[in-house]
Amino acid sequence: MRIIPLLLVLLLPILPKAAFAQKKPASLTGKVVDDNENPLGNVSVTILGKRIGTSTSDSGTFQLQVPADKAFALVFSFTGYKTVQRNFLLSEKENEYVVIRMERGSGMLDSVVVTDQRQRREAGLILLNPKNAINIPAPGGGIESLIKVVVGSNNELTSQYNVRGGNYDENLVYVNDFEIFRPYLVRSGQQEGLSFINPELARNVSFYNGGFQARYGDKMSSVLDIQYKKPKTFGGSAYVGLLEQGLHLEGASKNGRFTYLIGVRNRSNRNLLKSQDTKGNYVPSSSDLQAQLTYQINSRNSLELLGNISQTKFTLTPEFSQLTSSVFSPYFSANLGLDIYFEGREEDRYRTNMIGLAWVQQLNKKLRLKWMASRFENDEKESLDITGAYLFGDRAFDKAKPDFGTITNPLGAGVYQNFARNKLNIALWNFSHKGSYDQGKHFIQWGQTIERQNISDRLNEWEYQDSAGYSLPYNPNMLNLSKVLKASASLDITRLSGYIQDNIIFHDSAAFTLQAGLRYNYNTLNKEFLLSPRLGFSFKPANWERDVIFRGAAGLYHQPPFYRELRRYDGTINKDLKAQKSWQVVAGMDYNFKSGNRPFRFTAEAYYKQMWDVVPYDIDNVRIRYFGENRAKAYATGVEFRFFGELVKDAESWVSIGLMRTREDLDKDTYYNYTLDANNKPIDSTQTEAGWLRRPSDRLLTIGMFLQDYLSTNKNFKVYLNMLYGSNLPYNIPNSVKYRNALEIDPYMRIDIGFSALLLDSDKANRRSHNPFRNFENIWATLEVFNLIDRNNTISYMLIKDFSNTVFAMPNRLTPRLINLKLIARF
């Protein structure tokens, strides 16, 4: 029986040439896997309507020569699995690589259409496999951990990320076309809870790190577009770990009209936080419930309901903190220490509710309409009253002496108190319409949105500092607070936005494609009307033997102000604040090739962003504080390289490398340089313009790697490696024009590793009827080691003055090496 498949493989290179001798054929390679990403061998792969075909190898791979410049369909069939059909249109000599996922069930045909190799032809687009989100070893886990491998990170405790010189507020997130928002009062990553996105519910993950099309909204950095599953049979998963637990169920009615997808999660970062420099009683908790319900009314109409309830609580009773930093120079070296003893408590609460209803009309094969209504509410409360008494000086590091670890030469002492009582409520009503019309070589898309935003907040913050018995800033006649912020606001804003876009194929072979669109935005706050034309293209040289596609994008990207941008440092609201604006250019290439009979993909992109009406900001941990004024211009430029492939056979891995530079120039940022006499008194001064300075997100080099491997003798034992590196970041010195962003945070380096073992496979036939696990597909056990190299990464600095009024920067560290256990079951 093995001879027949072998003969087919030997004859396949000959048969297509004879059948399609008029043109040089294209090549199609790929891999067939099941729902759990396990390879399927001996799957029949045939061209629909013809006798040409092949079978997959034991590792699930196949290779087939196919007709060029002519539409065709491949049918994948295997006993016990649903038959899958995929349609293709390839150019001469083109080499396409696909991954086919087959579901268990009857042989009913499941038609899936692949159009224009979207991942390769759209600038900035990266398609991520949501199944890797449960495997990637990272403290936060989730889809965002996969994104950080691509864009870099400097904080493992947060699910937020910077993209190409932007900040956290410049990223769009959609789930099933509904826009998602995050909490705004969060000060540090340790206060964060679960991300909105539940990876166990996700079907498709599309991430644009720049150059995105007009159909996406009004931000300047990135788009994360998530589509949830539409189940056809009953199934689910459950996982239990030291940090997070979750359960999801999915299924459909007998006639397939009604489907449900439900997920519940709970997370506690207590094991992560108790190992930080600040010791105390940490009580973090976060939980959420999500559900997606769909109902097919008839062949042309369907309803979709998406709901989410989420709550995060964070309580901290700090006791003691011991910070240490070393100073090395040709003239001076020391081990500096800061010991802080605390009194007080912090309590934070963040609640998020979202519900969205969509009515989808597929009026005919060409016309599709979608009508959406949603409500999002974010209710946040911050309560903080903590006093710290500190002693600063040289720390003894000789373990042989009894004073090891203590401060032996005090340089400064004092007391400080932080107080906050902040409340924020944001309610958003959104009504949207989206449509598409397929006219062959033209695929037209349009949309219109009206959104009502109600924002109400009350801020009450102050900070008291006492250094060596003197209140700062010092005034002998009164007690002064070093920082005071008291403000309240109530805003009602209506936003209108819309777009129209045409996706054009200029040739039957799709050698050249063009996406041209126009977007508009208007809001009643500052009454600013914005137009954003955007253009994207892709081109595949027809006569090249190598499978290379060139792509690019250009356009205007504006970001109207939201809650945080509107607030000045003193807490007042700037209702006249204009949108931040930019024009962006992206150009790149995508190269598919094979090495050692394994598929690989290499991509490269260069980009440039010119920005004006920029609102400058400072960032401390994850808290962003804006100036509240359009008083800067900026730019960001860089190049990114990515390599995808099976470094180890049947184990997908990728590597990402980015080089970037971003600078800003603030208006009226002048300072004086003084000439001093022998008595150190100023005798002359010159006014100096600060000029172009590093932005808070300026990072020259980022490297990310996600590698998978397994034992050569047993694929049921797997290893996952997640490595991140980022060069230094600037850190701002408050109230200093001359030394703005002059401090540097050391490079971020982190390696996380995970070991997984298959405890139970999917072979149910050998299980007895009374076996309690007979309905499980598989069960995996995972051991994860976070921060394998135990590097002390820095997230921010605490600025301390000594008795001589010299300022020292003491680093606030992130998490050390930790171990996590996780058990994952699918059924």
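For the structure, check the block above.
Residues numbered from 1 in each chain as written. Predicted model: local features only at pLDDT ≥ 70, side-chain atom pairs only at ≥ 80, totals over all residues. Heavy atoms only, no water.

**Student:** Residues and numbers for a nonpolar patch on the surface, please.
**Tutor:** Taken together, the side chains of F258, Y295, I297, L303, L305, I355, L357, W359 and W371 present a nonpolar region at the surface, about 760 Å² in accessible area. For the nonpolar patch, the elements supplying multiple residues, two or more each, are β18 (301-328) and β19 (333-362). Looking at the nonpolar patch element by element, the count peaks at three residues for β19. Tracing the backbone through its elements, the reader meets F258 in strand β16 (residues 258-267). Looking at F258, the relative accessible area reads 34%, which means it is partly exposed. (Patch = residues over 30% accessible without salt bridge, like charges linked within 9 Å, V, L, I, M, F, W, Y side chains within 5 Å. Areas by Shrake-Rupley, 256 points an atom, 1.4 Å probe, with all protein chains shown as cover. Salt bridge = Lys/Arg side-chain N within 4 Å of Asp/Glu carboxyl O. Helix = DSSP H or I, 4+ residues; strand = E, 2+ residues; numbered from the N terminus. Buried < 20%, exposed > 50% of the residue type's maximum accessible area, 1.4 Å probe, protein only.)

**Student:** Residues and numbers for the sheet that holds strand β11 (residues 178-179), please.
**Tutor:** Read from one edge of the open sheet, five strands run β9-β12-β13-β10-β11, paired in mixed fashion. Because the sheet does not close on itself, it has two edges, and the strands there are β9 (125-128) and β11. Relative to strand β13 (residues 222-228), strand β10 (residues 171-175) runs parallel, the two being bridged by five bridges. The residue bridging N171 from the neighbouring strand is S222, located in β13. (Pairing = 2+ DSSP bridges.)

**Student:** Explain helix α4 (residues 142-151) residue by residue, including any values.
**Tutor:** In terms of burial, α4 is largely enclosed, as 10 of its 10 residues are buried. Among all positions of α4, only G142, I143, E144, S145, L146, I147, K148, V149, V150 and V151 are buried.

**Student:** Tell me about a positive patch on the surface, and please be specific about residues and values.
**Tutor:** Where like charges cluster on the molecular surface, the positive patch consists of K381, R421, K423 and R458. As for its placement among the helices and strands, R458 is situated in strand β22 (residues 442-467). Among the residues examined, R458 registers a relative accessible area of 47% and is labelled partly exposed. (Lys, Arg positive; Asp, Glu negative; His and termini not counted. Charge placed at Lys NZ, Arg CZ, Asp CG, Glu CD.)

**Student:** Got a sec to walk through the pattern of salt bridges? Specific residues and values, please.
**Tutor:** Inspection of the entire model under this criterion finds 35 salt bridges. Where D288 meets R265, a salt bridge forms, and the shortest distance between an N and an O atom there is 2.7 Å. Remark: R265 occurs in strand β16 and D288 occurs in strand β17 (residues 278-296); sequence separation between them is 23 residues. The partner of D590 in a salt bridge is R551, and the shortest N-O contact between them spans 3.8 Å. Of this pair, D590 sits in strand β28 (residues 580-595) while R551 sits in strand β27 (residues 547-559), placing them 39 residues apart in sequence. For R551, a relative accessible area of 4% translates into the label buried. Overlapping salt bridges, with partners in common, bring together R164, R551, D590, R601, E605, E640 and R642 in one network.

**Student:** Would you mind going over the packing of aromatic side chains in detail, with residue names and values included?
**Tutor:** Enumeration over the complete set of coordinates arrives at 34 aromatic pairs. Here a set of aromatic residues connected by ring pairs shows up, and it is made of F506, F512, F537 and F539. The ring of Y174 has K434 lying over it, and the distance from NZ or CZ to the ring centre is 5.5 Å. The cationic tip of R601 hangs over the ring face of F644; the distance from NZ or CZ to the ring centre is 5.1 Å. (Phe/Tyr/Trp six-rings, centres within 6.5 Å; stacked < 30°, edge-to-face > 60°. Lys NZ or Arg CZ within 6 Å of the ring centre and 35° of its normal.)

**Student:** For the nonpolar core, give the residues involved together with the corresponding values.
**Tutor:** Burial of nonpolar side chains together is a common tendency in soluble globular proteins. Formed by 59 residues in total, the largest nonpolar core has its most connected members in L224 and I226. Residues contacting L224, with those up to four places away along its chain left out, are I143, I147, Y161, L172, V173, Y174, I197, V205, S206 and F207. (Core = buried A, V, L, I, M, F, W, Y, C linked by side-chain atoms within 4.5 Å. Contact = heavy atoms within 4.5 Å.)

**Student:** Describe the pairing of strand β24 (residues 483-505), listing the residues and the values that go with them.
**Tutor:** Of the pairings in the sheet, the one linking β22 to β24 comprises 22 bridges and is antiparallel in character. Looking at the pairing, E463 lines up with K483 of β24. Strand direction decides the pairing type here: β24 and strand β25 (residues 512-523), joined by 11 bridges, are antiparallel. Of the residues in β25, the one forming a bridge with S497 is N521.

**Student:** Which residues make up the environment of V205, and what values go with them?
**Tutor:** In this structure, V205 sits in strand β12 (residues 202-208). Sequence separation of V205 and I226 is 21 residues, and the distance between their C-alpha atoms is 4.9 Å. Beyond its immediate stretch of four places on either side in the chain, V205 contacts I126, L127, L128, P130, I143, L224, D225 and I226.

**Student:** Which residues make up the pairing of β27, and what values go with them?
**Tutor:** Both faces of the sheet carry side chains from a regular strand, because those side chains alternate between them. A large share of β27 lies buried, amounting to 10 of its 13 residues. Examined bridge by bridge, strand β26 (residues 529-539) and β27 share six bridges and lie antiparallel to one another. What sits directly across from L535, in β27, is A554. Where β27 and β28 come together, 13 bridges link them in antiparallel fashion. Residue V548 lies in a different strand from β28, and its bridge partner there is Y591.

**Student:** Kindly report on the environment of E461, identifying the contributing residues and their values.
**Tutor:** Structurally, E461 can be placed in strand β22. For E461, a relative accessible area of 11% puts it in the buried group. Sequence separation of E461 and R421 is 40 residues, and the distance between their C-alpha atoms is 6.5 Å. Ignoring sequence-local partners within four residues, the contact set of E461 consists of R187, F419, A420, N422, K483, V484, L485 and R623. Reaching out from E461, the side chain makes a polar contact with the side chain of R623 at a distance of 2.8 Å. (Polar contact = N/O pair within 3.5 Å; in protein donor to acceptor, adjacent residues only side chain to side chain.)

On their own, these measurements won't tell you what the molecule is for.
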